[in-house]
Amino acid sequence: MDSMFHKGTVVLFATLLALSACGDDDSSVFPDSVGDLPSSESLSSSDDNSSSSSVKSSSSAKSSSSVTSSSSGTSAGSSSSVNSSNESSSSSSESKFPCSEEGKKGRADGVNVICHDGYWVPESSSSAVPTSSYFDMTNQFNEKVSYGEFTDPRDGQKYRTVSKYDDVFEKTYVFFAENLNYGKMVSGGTVQGDSTKYCYDNDPWYCDNGWGGLYTWSNAMGFPAVCDSVSISAEACSQKFVYPSGYTQPQYYVQHQGICPEGWHVASEGEWAYLQHSSVFDLGSKVAGFGNNGSGLSILPAGSWERYPNGSLVFRDIKKQAIFWTPQQSADDAERAHRVAIDSQGMSRIYEEVKAKRALSVRCVKNY
């Protein structure tokens, strides 16, 4: 690492950092990977510029721009000290290079580096960045709400549940109070098969700490991947939606198991419509400042995975949006399906997304 922090690169290094700091622009495209820069002596970060205004890290939050390449599929690693090995021959100010966004990654002299405690350090350093540099999850749930608990028999994972009575249909809905987190993590962009998921930024910390998995529509519905591009009425899509009786719009109240455990189903548009009577502030968890969680639903702004038209593969909108698939295909376009999105402005439903373009969260509801 002596060459990365060589005294002679200080001026060039600082200049490039200044230029990089000026590069956050919401209109630019998120790079598909960090990659080596043209100059091996330069240092640059990989920013999620498509949503940079919403993902700037704080003392308790991990930057969403930290993992976008094959070298970043693990939790960010760095040392507790940023003193380089050449400090014996140079001053500390000459061997430390400041950074402002905790967890951001880049490359210098062909070596992966990460922003930790205000300085760039080698990503391969011995000590791992503690989970406190991600999000403080102690306020994920509402301590005043009486939660139930469900154990998924497939993997033994426990989920808190919360019950809500619908006086219009005179029934009680039992919702997962957490995003589904079933399946083995695969890298974003990999075709999802049975029992697989993406984790935000290809980082298992998010899946394992309340944010849950991100699923393509076909996987969320338990359909073959081909169903993302053809109608579910096609022969290739063997499993169908079964519409219930007793509703004027039965397509909104499908109890479709999909990737949820047996006895549970992917939350339908009608069930989300019921929750829409609550304020977004009541629905959102206190984590990341998304609400007061008065409802106990503990909805987290887990963002999404997206394939851009130019081919770039992007994790985006963490801290900004919570987006969920519903078991409903577009009536007019076989490549589109319905989703529900919740942000600071409210909840939007009956919105269609290109199925193969996104990977979103899933909430499960108990069959009734």
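Everything numeric in this text was worked out from a predicted model, so none of it was measured.

**Side note on the environment of G212**
Point 1. Along the polypeptide, G212 turns up in the loop between α3 (204–208) and α4 (217–221).
Point 2. Separated by 151 residues in sequence, G212 and R363 place their C-alpha atoms 9.5 Å apart.
Point 3. The residues touching G212, leaving out its near neighbours within four places in the chain, are N179, L180, N181, Y206 and C207.

**Quick notes on the packing of aromatic side chains**
Point 1. Applying the stated criterion across every chain, the model contains 24 aromatic pairs.
Point 2. Relative to Y206, the ring of Y134 has its centre 5.9 Å away and its plane inclined at 50°; by these criteria the two rings are tilted. Of the two residues, Y134 sits in the loop between β4 (119–122) and β5 (148–151) while Y206 sits in helix α3, which places them 72 residues apart along the sequence. The same class applies to Y134 and to Y206, which are both buried.
Point 3. Grouping aromatic residues by their ring pairs yields a cluster made of Y134, F135, Y200, W205, Y206, W211 and F315.
Point 4. For R160, the ring lying beneath its charged end belongs to Y147, and the centroid distance is 5.4 Å.

**A word on the layout of surface pockets**
Point 1. A volume near 160 Å³ is recorded for the second largest pocket.
Point 2. As for the second largest pocket, its lining consists of 15 residues, of which D194, S195, G222, G258 and I259 are closest to the centre.
Point 3. In terms of residue class, the lining of the second largest pocket is made up of 6 nonpolar, 7 polar and 2 charged.

**With respect to the confidence of the model for the protein chain**
Point 1. Of all residues in the protein chain, 69% attain a pLDDT of 70 or more, and the chain-wide mean is 75.
Point 2. Confidence over residues 1–94 falls short of pLDDT 50; this stretch has 213 contacts with residues more than four positions distant or in other chains.
Point 3. Per-residue pLDDT stays below 50 along residues 125–132; that stretch engages in 17 contacts with residues further than four places along the chain or on separate chains.

**Some points on the sheet that holds strand β16 (residues 358–359)**
Point 1. Strand order across the open sheet formed by 3 strands is β12-β11-β16, with antiparallel pairing between neighbours. On the outer flanks of this sheet lie β12 (313–316) and β16, each paired with one strand and no other.
Point 2. Sheet topology note: the strand β11 (residues 304–307)/β16 ladder contains 2 bridges and is antiparallel. When the sheet's bridge partners are listed, E306 is paired in β16 with R358.

**Description of the nonpolar core**
Point 1. Formed by 27 residues in total, the largest nonpolar core has its most connected members in L180, W217, M221 and V362.
Point 2. Taken together, the elements giving at least two residues each to this core come down to β7 (171–176), α4, β10 (264–266), β13 (322–329) and β14 (336–343).
Point 3. Looking at this core element by element, the count peaks at 3 residues for α4.
Point 4. In this structure, L180 is in contact with R154, Y159, G212, G213, Y215, I259, C260, V362 and C364, ignoring residues within four places of it in sequence.

**Focus: the sheet that holds β14**
Point 1. The strand order across the open sheet built from 3 strands is β13-β14-β15, with neighbouring strands paired in antiparallel fashion. If you trace the sheet from one side to the other, it starts and ends with β13 and β15 (346–354), each paired once. Taking the axes of each pair of neighbouring strands and ignoring which way they run, one obtains an average angle of 30° across the sheet.

Reading the values: the criteria
- Within each chain, residue numbers correspond to sequence positions counted from 1 in written order.
- For this predicted model, a pLDDT threshold of at least 70 governs which residues receive local features, and a threshold of 80 or more governs which side-chain atom pairs are given and counted, while totals over whole chains, interfaces and linings are taken from all residues.
- By convention in this description, side-chain values take in all heavy atoms of the structure and omit both hydrogens and water.
- Here a strand is any run of E in DSSP of at least two residues, a helix any run of H or I of at least four, and the numbering for each starts at the N terminus.
- By definition in these notes, contact holds between two residues if any of their heavy atoms fall within 4.5 Å.
- Between the rings of Phe, Tyr and Trp (Trp by its six-membered ring), a pair exists once the centres lie within 6.5 Å; its type follows the angle of the planes, with under 30 degrees stacked, over 60 edge-to-face, and the other angles tilted.
- When a residue's accessible area, from a 1.4 Å probe over protein chains only, is under 20% of the maximum for its type it is buried; when over 50% it is exposed; and in between it is partly exposed.
- Only when the NZ of Lys or the CZ of Arg is both within 6 Å of the ring centre and within 35 degrees of the ring normal is a charge said to sit over the ring.
- Throughout, the protein atoms alone are placed on a 1 Å grid, and a set of points is a cavity if a 1.4 Å probe fits but cannot get out or a pocket if it is open with protein on both sides within 12 Å along at least five of seven lines; lining residues have an atom within 4 Å of a point.
- Grid points are joined across faces, edges and corners, and a volume is the space filled by probe spheres set on the points.
- Ten residue types, Ala, Val, Leu, Ile, Met, Phe, Trp, Tyr, Cys and Pro, are classed as nonpolar, four, Asp, Glu, Lys and Arg, as charged, and the remainder, Gly among them, as polar.
- As a per-residue measure, pLDDT reflects the predictor's confidence and takes values from 0 up to 100.
- We treat two strands as partners when DSSP finds at least two bridges between them.
- Residues grouped as a nonpolar core are buried Ala, Val, Leu, Ile, Met, Phe, Trp, Tyr and Cys residues, joined through side-chain atoms within 4.5 Å.
- The angle between two axes is taken between their N-to-C directions and runs from 0 to 180 degrees, where each axis is a line fitted to C-alpha atoms and a helix contributes only its stretch in contact.

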